[in-house]
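Topology and contacts: notes
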Amino acid sequence: MGLLSKIAILLGVGTITYVIRWHYIGRLYRSKRTFSSQELVVITGASSGIGLAVVKDLVRRGCHLVLGCRNEAAGQIVCDQLRKQFGSEVLVDVYFVDLGSLKSIVSFVDKVGLLGKPVYALVNNAGIFYAPPALTADQIEQTFEINYLGHYLLTILLLPKLKQHPNRSRIVNVVSKAQICVERFPDTELHQLYDDSPQNRFRAYQYSKFCLVLFAHKLSSILANSNVTVHCVDPGNVETAIYRHFPQLNNKVLYYLQKPIRLLAVKTPREGTRESNFLKLDEPGNEQWISMGSSVTPIDYYVEQILAQMFTNERSRCTISCKSGSVSFVLELLRIEDNEYYFTRSSAQMLTLAKQYKENGVKCFAKYPLLAHQFFNRAAKCLLSFAPLEYLDPAIEGADTIASIQSLLETLNLNIAACLIKQNRFDDALHMLEYVDRQNNPSPKAIYRKALAQFHVKQYTEAVKTLQRIDYATNKECSTLYANIVTNLEKEKEKYNSMVRKMFG
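Source: prediction; values computed, not measured. (Residues numbered from 1 in each chain as written. Predicted model: local features only at pLDDT ≥ 70, side-chain atom pairs only at ≥ 80, totals over all residues. Heavy atoms only, no water.)

**Comments concerning the packing of aromatic side chains**
- In total, this model carries 13 aromatic pairs according to the counting rule given.
- Aromatic pair Phe 129 and Phe 202: ring centres 5.6 Å apart, planes at 65°, arrangement edge-to-face. Pair noted here: Phe 129 is in the loop between strand S4 (119-124) and helix H5 (142-163) and Phe 202 is in helix H6 (residues 198-222), with a separation of 73 residues, a long-range link.
- We classify Phe 129 as buried; its relative accessible area is 9%.
- Where Phe 144 meets Tyr 207, the ring centres are 5.9 Å apart and the plane angle is 20°; that geometry is what we call stacked. Placement of Phe 144 in helix H5 and of Tyr 207 in helix H6 is noted, with a sequence separation of 63 residues between them.
- A relative accessible area of 11% means that Phe 144 is categorised as buried.
- Judged by relative accessible area, Tyr 207 falls into the buried class, the value being 13%.
- Chaining the aromatic ring pairs together yields one cluster made of Phe 144, Tyr 148, Tyr 152, Tyr 207 and Phe 215. (Phe/Tyr/Trp six-rings, centres within 6.5 Å; stacked < 30°, edge-to-face > 60°. Helix = DSSP H or I, 4+ residues; strand = E, 2+ residues; numbered from the N terminus. Buried < 20%, exposed > 50% of the residue type's maximum accessible area, 1.4 Å probe, protein only.)

**With respect to the pairing of strand S2 (residues 64-69)**
- Buried residues dominate S2, accounting for six of its six residues.
- Judged by which residues are buried, S2 turns out to be covered on both faces: His 64, Val 66 and Gly 68 on one side and Leu 65, Leu 67 and Cys 69 on the other are all buried.
- Bridge count for strand S1 (residues 40-44) against S2 is five bridges, and the pairing is parallel. Within the sheet, the bridge partner assigned to Leu 40 lies in S2 and is His 64.
- Sheet topology places S2 next to strand S3 (residues 92-96); five bridges connect them, and they run parallel. Residue pairing for S3: Cys 69 is matched across the bridge by Phe 96. (Pairing = 2+ DSSP bridges.)

**Things to note about the pairing of strand S8 (residues 325-332)**
- Relative to S8, strand S7 (residues 315-322) runs antiparallel, the two sharing eight bridges. Bridge pairing in S8 places Ser 321 opposite Ser 326.

**A look at the pattern of salt bridges**
- Following the criterion strictly, the structure yields eight salt bridges and no others.
- Ionic pairing is found between Lys 450 and Asp 437, a salt bridge with its closest N-O pair at 3.7 Å. Remark: Asp 437 occurs in the loop between helix H17 (426-432) and helix H18 (444-456) and Lys 450 occurs in helix H18; sequence separation between them is 13 residues.
- In this structure, Arg 501 and Glu 494 form a salt bridge, with 3.3 Å as the shortest nitrogen-oxygen distance.
- One network of salt bridges, in which partners are shared, links Asp 57, Arg 60 and Arg 61. (Salt bridge = Lys/Arg side-chain N within 4 Å of Asp/Glu carboxyl O.)

**A look at the nonpolar core**
- Counting residues in hydrophobic clusters, the biggest one holds 52 residues, and the most contacted among them are Leu 383, Ile 405, Leu 412, Leu 467, Leu 481 and Ile 485.
- Those elements that place two or more of their residues in this core are helix H13 (347-365), helix H14 (369-384), helix H16 (399-422), H17, H18, helix H19 (460-467) and helix H20 (476-504).
- Here this core gets eleven residues from one element, more than from any other, and that element is H16.
- Non-local contacts of Ile 485, meaning those with residues more than four positions away in its chain, are made with Ala 451, Phe 455, Tyr 460, Ala 463, Val 464 and Leu 467.
- Counting residues in hydrophobic clusters, the runner-up holds 39 residues, among them Val 42, Leu 99, Tyr 194 and Ala 216. (Core = buried A, V, L, I, M, F, W, Y, C linked by side-chain atoms within 4.5 Å. Contact = heavy atoms within 4.5 Å.)

**Some words on the state of the cysteines**
- A full pass over the atoms with the stated rule returns zero disulfides.
- Note on Cys 63: no disulfide assigned, nearest cysteine sulfur contributed by Cys 79 at a separation of 15 Å.
- Its sulfur unpaired, Cys 478 is 19 Å from the next cysteine sulfur, which belongs to Cys 419. (Disulfide = S-S within 2.5 Å.)

**Some remarks on the sheet that holds S4**
- Ordered by their spatial adjacency, six strands build an open sheet running S3-S2-S1-S4-S5-S6, and the pairing between neighbours is parallel. Two strands lie at the open edges of the sheet, namely S3 and strand S6 (228-233), each paired on one side alone. Pairs of neighbouring strands in the sheet enclose a mean axial angle of 15°, with direction left out of account.
- Note: S4 against strand S5 (residues 169-174), four bridges, orientation parallel. Residue pairing in the sheet places Leu 122 in a bridge with Ile 171 of S5. (Axes fitted to C-alpha atoms, helices over the stretch in contact; angles between N-to-C directions.)

**Section: unusual backbone geometry**
- Phi angles above zero are rare outside glycine, and Gln 38 is one such case at about 50°.
- By the element assignment, Gln 38 lies in the loop between helix H1 (3-25) and S1.
- Look at Tyr 130: it is not a glycine, yet its phi comes out positive at around 60°.
- Summarising the element assignment, Tyr 130 is placed in the loop between S4 and H5.
- By relative accessible area, which is 8% here, Tyr 130 ends up buried.

**With respect to H5**
- When the terminal C-alpha atoms of H5 are compared, their 30 Å separation across 22 residues agrees well with the 32 Å that a helix rising 1.5 Å per residue should span.
- The largest bend along H5 reaches roughly 40° and is located at Leu 157, with the proline Pro 160 sitting one to four residues downstream.
- By the N-cap criterion, in which a side-chain oxygen at the helix start approaches the backbone nitrogen of a residue two or three places on, H5 is capped by Glu 141, the distance to Thr 143 being 2.8 Å. (Expected span 1.5 Å × (residues − 1). Bend = angle between axes of the 7 residues up to and from the residue. Polar contact = N/O pair within 3.5 Å; in protein donor to acceptor, adjacent residues only side chain to side chain.)

Limitation: the analysis is restricted to geometry and does not speak to function.
In structure tokens form, the structure reads like this:
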């Protein structure tokens, strides 16, 4: 094997390895932010794994850390290592907390309160997985209390301290994709002692994380107008001590046999902090007000669509792909103001909204016909919410309002037909323009678009009849279209006559 072949093989193996690692791990989040005010951050499960990796990163940035550890000796060792690595001036406090004891959590919160500082961030990181069923001191199953109930109480008790922070503080819950497997509340009472089986151990873990996500969602809505934000982050598969009860990794032989696979597909604790750091270390950004329905470019429109699906305080990393490339950005919905539901609006208010959508569509039609189509559809939906229009009471809605709604609906039909023609959807355009046949005095624009659609589907005779309903000769577009239709109609007739002559001689 030649040198070039060896180099090619090495490059191929390296590329494949890199792609696999990128797929499972992604890019590390990098931030240069430091904390000059020594912000107070409380972290549970901080003596190992993801918690320890977060601690090391935050110490380097100048945070004042409170490590909540069940093994206080291990926490003190971490504290000594940090002081040795970063200097004796680092602010790190280690307090004992057993998340399986509500009394211990209350004591831990009291100690945090004695520091006399507002809390910048609470990271609910500690947890257990696949642990055998056992009752805690509170007579609650340990997986449920440690993973969910303990963090629930800790969050509620520290909430006043979080609200005292002068800037935006945050609660970060480390969750798992396992929670998406919960389709309904389990028959087994998983907060009580249950029968030990692999299936029940998995279900207990899934259920505990599911409850934590539900709690975060509800708390986020409650704190919508406060300075506290609530987040759930899934670090993915990270090689930590959380798997110590899992048989496939608890066995030393199997552990080392799987080592090559884990090197490719499993994250290190530092790599697992990517999502957590992304939420805690973002630089304060400028707020930007968005009036929903005001977009006139595709990117702005899709931003509105994303925001419409988000909850208050929810944060999302987005990528919009287009022909010229892709745009990546981070969206966070801080609050919603002047929110009003469609069904609470009067016909006059819906008419105003429909006019706004229609104007947006007109502005972007030339450059973005697909986007314009979306706006015209939204405008029509606003008006059709009052259908059938003949049942609207002029005494209540106003005769002028009803007339304006009918007029705007007709205009929107024409606009939508123009978008369909632009997309070569001529049959759909004809369907939209069926009402033209029922009008006594149709507009030249409606006649032109109907005839144009008929021309493209080769309904030449019908197109001629459509144009003859008006004085097409006085309209440049209509007269040009009429000439093209007549020319094509003559060609079709000549083609037909030629075929007849060939067949019958």
